[in-house]
Amino acid sequence: MNSRSCLSIVLAAGEGTRMKSATPKVLHKVAGLPMVAHVVKAAEAAGTGDLALVIGHGAEEMRKAAGKFAPAAKLFVQEKRLGTADAVLAARDAIATGYDDILVMFGDTPLIDAGALTAAREKLAGGAAVVVLGFRTGEPTGYGRLIEKDGRLLAIREEKDCSEEERRITFCNSGLMAIAGAHALALLEAVGNANAKGEYYLTDIVEIAGGKGLSVVAAEAGFEDALGINNRVQLAEAEAIWQKRRREAIMLSGVTLIAPETVFFSHDTEIGPDTLVEPNVVFGVGVRIGSNVTVRGFSHFEQADIADGCQVGPYARLRPGAKLQENAHIGNFVEVKNTVVERGAKANHLAYLGDGRVGAGSNIGAGTIFCNYDGYSKFFTDIEANVFIGSNSSLVAPVTIGTGAYVATGSVITESVPPDALAFGRSRQTTLPGKGKQLRERRASAKKA
Ligand code: UD1
Ligand code: CA
């Protein structure tokens, strides 16, 4: 563990015009989490000290979002988008507090890894004044190029300011920079804006530090870690890389994915060992799946909690507040919302279970609907243990079905049913012998005439 004090500054003030969006770029999500929150998580995982978040475009939306993903961060507003060096200086007051290390990260690099942050800080501890995290790519277009000589980093040249020859360089700036706190303010204040875009480039501090005889070095990261997202094509690319990594980690932790490339996880998906996931399953945010669970194809989860030994799907939809206890079964075309399905209970076909409870060992027949909503308010359906609900029944909430009760097929239940009772909520069948034949004959002769 690095004992030097550190301030991590995450830049998130840009509009991200290339996203063509009303939402600030860094709030676009990878694996259900804003890109900038991934960066904050990497910083936290690397233990990089105090956090400063620089916001500007969409400041109110950013402030609200930051309250969730970085409640401890100090927020600084960059009034005008004058470039990345100007953005860092928005956090001037925090920098001036006096830290050993200043770490600058971009909010649009969602795959950045904690290890890369740690490695950059180690070079500061080794005496460097500026450390730039670079990466190599066959497609460097759009990135700043790292210009090196004899192992020293001389400059970073932005694409638009590159000569023909410089443009051919494939070693690029990831955007992550570590700066010795003692020099940070002087270096940043020396940056001018005489360049193609007329912006104050953070990248200029490389040349400025070199000119002062300070040590400037590059560290190398993998292309994927450094991927900077400027448009939605790159956003999808980042998502694909993230998903691939997570699928592999999940399989290595003991989960079987039959067709991993068709299963999608969220940043916070938890899933236990010996669980089997069939093809085409989506785990939205806030999902926990226990062990020995079978998730059959085409199922969709969101804020749902599935205990050990459950069976779900195919084609099941588990919505927020769905909670399955051990060994519960939820089958095809069953939707569960804000409902606890207790131990060993089953709803195997075509049902809607919303705002209720299904007691342990109960069986919900095909086509059962919890009628939970009257167009104005939601009401609770309480099914106690070992109840049998016959197929095609409507339970009009609020309603309680007592332990061991039996609801006949096709019932519309509007009144609570006491324990062990048998409830019919339908009219009796009438059967008239021979009348069917008579009816046919009458109709046939009427048609002829
Ligand atoms: C930047 C780097 C480039 C690097 C690339 C990596 C500079 C000058 N260029 O270019 O060398 O290869 O990232 O992805 O640093 N931001 C602000 N305020 C501003 C401008 C930007 O907060 O005034 C923030 C943005 O929100 C974003 C980050 O800084 O999170 C990077 O800005 P962006 O405009 O995307 O820089 P690039 O052109 O990609
Ligand atoms: Ca960028």
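Residues numbered from 1 in each chain as written. Chains lettered and ligands numbered in written order. Predicted model: local features only at pLDDT ≥ 70, side-chain atom pairs only at ≥ 80, totals over all residues. Heavy atoms only, no water.

A. View of the overall build of the protein. Of the regular secondary structure elements, the protein holds eleven helices and 34 strands. A compact globule built from 449 residues should have a C-alpha radius of gyration of about 22 Å, whereas the protein, at 31 Å, is more than 25% larger. Counting only C-alpha atoms, the protein reaches 105 × 60 × 40 Å along its principal axes. For the protein, long-range pairs separated by at least 24 residues make up 42% of all intrachain contacts whose partners lie at least 6 apart in sequence. Element-wise, carbon and sulfur atoms account for 51% of the exposed surface of the protein, whose accessible area totals about 21,100 Å². Measuring between centres, the 49 positive side-chain charges of the protein sit 10 Å from its 50 negative side-chain charges. (Helix = DSSP H or I, 4+ residues; strand = E, 2+ residues; numbered from the N terminus. Rg over C-alpha atoms; globule rule 2.2 N^0.38 Å. Contact = heavy atoms within 4.5 Å. Areas by Shrake-Rupley, 256 points an atom, 1.4 Å probe, with all protein chains shown as cover. Lys, Arg positive; Asp, Glu negative; His and termini not counted. Charge placed at Lys NZ, Arg CZ, Asp CG, Glu CD.)

B. Geometry of the coordination of the calcium ion (ligand 2). With distances of 2.5 to 2.6 Å, the protein atoms coordinating the calcium ion (ligand 2) are Asp108 (OD) and Asn230 (OD1). With aspartate 108 in the loop between strand E6 (101–106) and helix H5 (114–125) and asparagine 230 in the loop between helix H9 (223–226) and helix H10 (232–252), the pair connects residues that are 122 residues apart, well separated along the chain. For the pair formed by aspartate 108 and asparagine 230, the shared burial category is buried. (Donors = N, O, S within 2.8 Å, 3.2 Å for Na, K, Ca; no water. Buried < 20%, exposed > 50% of the residue type's maximum accessible area, 1.4 Å probe, protein only.)

C. Summary view of the pattern of salt bridges. One pass over the structure, following the stated rule, counts 19 salt bridges. In this structure, arginine 288 engages aspartate 305 in a salt bridge whose closest nitrogen and oxygen atoms are separated by 3.1 Å. Here the residue arginine 288 occupies a position in strand E17 (residues 288–289), and aspartate 305 occupies one in strand E20 (residues 304–306), the gap between them amounting to 17 residues. Assessed through its relative accessible area of 30%, arginine 288 is described here as partly exposed. Residue classification places aspartate 305 among the partly exposed residues on the basis of a relative accessible area of 22%. (Salt bridge = Lys/Arg side-chain N within 4 Å of Asp/Glu carboxyl O.)

D. Just the site of ligand 1, in detail. The immediate surroundings of ligand 1 are formed by 24 residues, with Gly14, Gln78, Thr84, Glu158 and Asn173 found nearest. At 3.0 Å from an oxygen atom of ligand 1 is found a main-chain nitrogen or oxygen belonging to leucine 11. Here an oxygen atom of ligand 1 sits 2.8 Å away from a polar atom, N or O, in the main chain of glycine 14. Summarising the interface, the protein chains cover 92% of the accessible area of ligand 1, which totals 760 Å² for the free molecule. Counting only elements with at least two residues in the shell around ligand 1, the list comes to strand E1 (6–12), helix H3 (84–89) and strand E10 (171–180). (Near = heavy atom within 4 Å. Polar contact = N/O pair within 3.5 Å; in protein donor to acceptor, adjacent residues only side chain to side chain.)

E. Up close: the packing of aromatic side chains. Under the definition given, this model contains seven aromatic pairs. Measuring from centroid to centroid gives 4.9 Å for phenylalanine 135 and tyrosine 143, while their planes differ by 85 degrees, and the two rings are edge-to-face. Residue phenylalanine 135 shares its accessibility class with tyrosine 143, and that shared class is buried. Between phenylalanine 265 and phenylalanine 283, the ring centres sit 5.2 Å apart and the planes meet at 5 degrees, which makes this aromatic pair stacked. (Phe/Tyr/Trp six-rings, centres within 6.5 Å; stacked < 30°, edge-to-face > 60°.)

F. Just the environment of histidine 28, in detail. Counting through the fold element by element, histidine 28 comes out in the loop between E1 and strand E2 (29–30). Considered as a pair, histidine 28 and arginine 232 are 204 residues apart in the sequence and their alpha carbons are 9.2 Å apart. Engagement of the side chain of histidine 28 in a polar contact is seen with the side chain of serine 21, the distance being 2.9 Å.

G. Representation of the environment of valine 132 in the model. Structurally, the position occupied by valine 132 is in strand E7 (residues 130–136). For valine 132 and isoleucine 156, which are 24 residues apart along the polypeptide, the C-alpha to C-alpha distance reads 9.3 Å. Contacts of valine 132, omitting those with residues within four sequence positions, involve Leu146, Leu153, Ile156, Asn173, Leu176, Met177, Val206, Val217, Ala218 and Ala219.

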